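Spelled out, the chains give:
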Amino acid sequence: MAKIRMAQYGTKHGHARGKLQAMLNNPQVEVAGVYEPDTDRRKQLQSSENAFKDVYFYSDSEEMLTDDSVIAIASEGNNVESLDQTEEIVNAGKHVWYDKPAGENWEQWQRVIETAQQKSLHVQLGYMLRYHSSFKQVTEWARSGFLGDVFSVRAHMSTNISKESRTRESVHLGGIFFDLGGHVLDQVLWILGRPEKVTSFLRNDGGSLEPFKDNTLTVYEFEKAMAFISISALEPRPVARRFEVYGTEGSAIIVEPFEPGLTIRLSLQTAKNGYTEGKHIVKIDGESRQRTYELELDAFLATIAGEQPPDRPISHELLVQETLLRATGAI
């Protein structure tokens, strides 16, 4: 079976190295090359000891975009440049494995999706928690009605980043929430749909360069539910990340750390589906971060090969980005 030739546009996203490694490891993929517009960055990577060392680097973007043998491209630029780069990829007629978030220009993102649909191209966002066993189990329980009517979801996904990173991200409304919020919004909205109201508390509490928001809480109101997402850039390592879903007949909490996510605390009001009434500690095999990248790629390849529909419809990809930008105040 012929391999699918893929390339990578950009290297400054925090997941760029892992996504390239996933492509290099996948027996279905032939990595044609990488284009990095920053020449200093390119030279640094070529002399490194990581996945970028032995790959071919394109001299310019056209060399990559006009190569008809390249079927799909991983979009891995930083948050400032990635939406423009993704639009270039789609305009060139390539499928896109696009790392989050999808920029701050809502009109442009809608235009990119419209173009992709006109060209029958698949655009898949890089929300790796979709492919994590614990999150898949909890969302299945929530969406199937196993937990009853979900009335509350709480997520905490903080980090601790350098001053350099805070300075770089200060150009984005919402600060650290813009960078990380999509990961858990992807889960919340898959369970509850589009929120009727979004209220945000976006603060600078750590002496970061203004206007970088380093301590954030966003609240989402649905017809019969609320969701709360807290994300800070100030939390000491190791960070305590949590995801909790509460329904009228039970609750499911991924016990920290939610990566690799080896344990779910399940509580049930009555016995059902082989579980007795009360509390259960459900063991999950879990996955490393790198493994979830590989599972993302497997799904992407299967979709562009026509073997399965997208794991998330394009309407959901649009909804996650719209809600993220509602929370940051960009729309």
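Please refer to the structure higher up on the page.
The structure reproduced in this document is the subject of the present report. Here the residue numbers are simple positions, counted from 1 along each chain's written sequence. Under the rules for a predicted model, residues below a pLDDT of 70 receive no local features and side-chain atom pairs below 80 are neither given nor counted, while totals for whole chains, interfaces and linings still include all residues. Note: side-chain values were computed over all heavy atoms of the structure, leaving out hydrogens and water.

1. Some thoughts on the overall build of the protein chain
Line of reasoning, step 1. In this text, helices come from DSSP runs of H or I with a minimum length of four residues, and strands from runs of E with a minimum of two, each type numbered from the N-terminal end. Across its full length, the protein chain holds ten helices and 13 strands.
Line of reasoning, step 2. Based on C-alpha atoms, the radius of gyration is set beside the globule rule, defined as 2.2 Å times the residue count to the power 0.38. At 20 Å, the protein chain has a C-alpha radius of gyration in line with the 20 Å of a compact globule built from 331 residues.
Line of reasoning, step 3. Overall, the protein chain is about 60 × 50 × 40 Å in size when its C-alpha atoms are taken along their principal axes.
Line of reasoning, step 4. With residues, only the protein chains shown are counted as cover, and all accessible areas are computed by Shrake-Rupley using a 1.4 Å probe. Roughly 14100 Å² of accessible area belongs to the protein chain as shown, and the carbon and sulfur atoms make up 47% of that amount.
Line of reasoning, step 5. All tallies of charge rest on Lys and Arg as positive and Asp and Glu as negative; His and the ends of each chain are not included. Where a charge sits is defined by one atom per residue type, namely NZ (Lys), CZ (Arg), CG (Asp) or CD (Glu). Placing the 36 positive and 47 negative side-chain charges of the protein chain at their respective mean positions leaves the two points 5 Å apart.

2. Looking at the sheet that holds strand 5 (residues 123-125)
Line of reasoning, step 1. As summarised here, the arrangement of the five strands in space is 2-1-3-4-5, forming an open sheet in which the pairing is parallel. Bordering the open sheet on either side are strand 2 (29-35) and strand 5, each of which pairs with just one other strand. Each strand axis lies, on average, 20° off the axis of its neighbour in the sheet, ignoring direction.
Line of reasoning, step 2. Whether two strands pair comes down to DSSP finding at least two bridges between them. Relative to strand 3 (residues 72-75), strand 1 (residues 4-9) is paired through four bridges, and the arrangement is parallel. Opposite Ala7, over in strand 3, you have Ile73 as the bridge partner.
Line of reasoning, step 3. In the packing of helix 1 (residues 16-25) onto the sheet, contacts are made with strand 1, strand 2, strand 3 and strand 4 (95-98), and the angle to strand 1 comes to roughly 165°. Lines fitted to C-alpha atoms define the axes here, with helix axes fitted over just the stretch in contact, and angles between the N-to-C directions of these axes take values from 0 to 180 degrees. Two residues qualify as a contact provided that any one of their heavy atoms is within 4.5 Å of a heavy atom in the partner residue.

3. What to know about the nonpolar core
Line of reasoning, step 1. Definition used in this section: a nonpolar core is a set of buried Ala, Val, Leu, Ile, Met, Phe, Trp, Tyr and Cys residues joined via side-chain atoms within 4.5 Å. Each residue is assigned to one of three classes by its accessible area relative to the maximum for its type, calculated with a 1.4 Å probe on protein chains only: buried under 20%, partly exposed between the two thresholds, exposed over 50%. Core analysis: the biggest nonpolar cluster contains 69 residues, and Trp109, Tyr220, Ile229, Phe243 and Val245 have the highest contact counts within it.
Line of reasoning, step 2. Take this core: its biggest share by element is nine residues, from helix 8 (residues 176-192).
Line of reasoning, step 3. Beyond its immediate chain neighbours, meaning those up to four positions away, Ile229 contacts Ala155, Phe177, Val184, Leu185, Val188, Thr216, Leu217, Thr218 and Tyr220.
Line of reasoning, step 4. Residues Ile4, Leu20, Leu45 and Phe300 belong to the second largest nonpolar core, which totals 22 residues.

4. A short note on the sheet that holds strand 8 (residues 215-221)
Consider a sheet: its strands pair through backbone hydrogen bonds, and that pairing is either parallel or antiparallel.
Line of reasoning, step 1. The eight strands are arranged 7-8-9-6-10-11-12-13 in an open sheet whose pairing can be described as mixed. Edge positions in the sheet fall to strand 7 (197-203) and strand 13 (278-283), since each has one partner strand and no second. Sheet twist, expressed as the average angle between the axes of neighbouring strands with direction ignored, equals 10°.
Line of reasoning, step 2. For strand 7 and strand 8, the ladder comprises seven bridges, and the chain directions are antiparallel. Paired with Lys197 across the bridge in strand 8 is Glu221.
Line of reasoning, step 3. Against the sheet, helix 10 (residues 314-328) makes contact with strand 7 and strand 8, and its axis sits at roughly 55° relative to strand 7, the strand it touches most.

5. Examining the pattern of salt bridges
Opposite charge on two side chains lets them pair, provided their charged atoms get close.
Line of reasoning, step 1. Any carboxyl oxygen of Asp or Glu that lies within 4 Å of a side-chain nitrogen of Lys or Arg is treated as forming a salt bridge with it. In total, this model carries 17 salt bridges according to the counting rule given.
Line of reasoning, step 2. The closest approach of N and O atoms between Asp38 and Lys12, which form a salt bridge, is 2.8 Å. Of this pair, Asp38 sits in the loop between strand 2 and helix 2 (39-46) while Lys12 sits in the loop between strand 1 and helix 1, and the two are 26 residues apart along the sequence.
Line of reasoning, step 3. Assessed through its relative accessible area of 32%, Lys12 is described here as partly exposed.
Line of reasoning, step 4. By sharing partners, the salt bridges in this structure join Arg130, Asp186, Arg312 and Glu317 into a single network.

6. Focus: the environment of Pro211
Line of reasoning, step 1. Among the secondary structure elements, Pro211 is positioned in the loop between strand 7 and strand 8.
Line of reasoning, step 2. Along the sequence, Pro211 and Val123 sit 88 residues apart, while their C-alpha atoms lie 31 Å from each other.

7. Re the environment of Asn160
Line of reasoning, step 1. Mapped onto the elements, Asn160 comes out in the loop between strand 6 (150-156) and helix 7 (163-169).
Line of reasoning, step 2. Sequence separation of Asn160 and Ser232 is 72 residues, and the distance between their C-alpha atoms is 7.6 Å.
Line of reasoning, step 3. Any pair of nitrogen or oxygen atoms within 3.5 Å is treated as a polar contact; in protein, a donor-acceptor pairing is required on top of that, and neighbouring residues in sequence qualify only through side-chain atoms on both sides. Looking at Asn160, its side chain comes within polar contact range of the main-chain oxygen of Glu235, at 3.1 Å.

8. Remarks on unusual backbone geometry
Line of reasoning, step 1. Between Arg237 and Pro238 the backbone carries a cis peptide bond, its omega angle lying at 0°.
Line of reasoning, step 2. Residue position: Pro238 is located in the loop between strand 9 (226-232) and strand 10 (242-247).
Line of reasoning, step 3. Positive phi is not limited to glycine here, since Ser120 has a value of about 55°.
Line of reasoning, step 4. Structurally, the position occupied by Ser120 is in the loop between helix 5 (106-118) and strand 5.
Line of reasoning, step 5. Of note, the phi angle at Asn273 is positive, near 50°, even though the residue is not glycine.
Line of reasoning, step 6. Among the structural elements, Asn273 can be located in the loop between strand 12 (263-268) and strand 13.
Line of reasoning, step 7. In this structure Asn273 comes out as exposed when scored by relative accessible area, which is 63%.

9. What about the packing of aromatic side chains?
Line of reasoning, step 1. Note on aromatic pairs: the rings of Phe, Tyr and Trp (six-membered ring only in Trp) are paired at centre separations within 6.5 Å, and the planes decide the class, stacked below 30 degrees, edge-to-face beyond 60, tilted for the rest. Considering all chains together, one arrives at ten aromatic pairs under this definition.
Line of reasoning, step 2. With a centroid separation of 6.4 Å and an interplanar angle of 40°, the aromatic rings of Phe52 and Phe57 are classed as tilted.
Line of reasoning, step 3. Given the relative accessible area of 8%, Phe57 is considered buried.
Line of reasoning, step 4. Ring centres of Phe135 and Phe258 lie 5.1 Å apart, and the angle between their planes is 80°; on these two criteria the pair is classed as edge-to-face. Placement of Phe135 in helix 6 (residues 133-144) and of Phe258 in the loop between strand 11 (250-254) and strand 12 is noted, with a sequence separation of 123 residues between them. Each member of the pair, Phe135 as well as Phe258, is classed as buried.

Worth remembering: the numbers are spatial, not functional.
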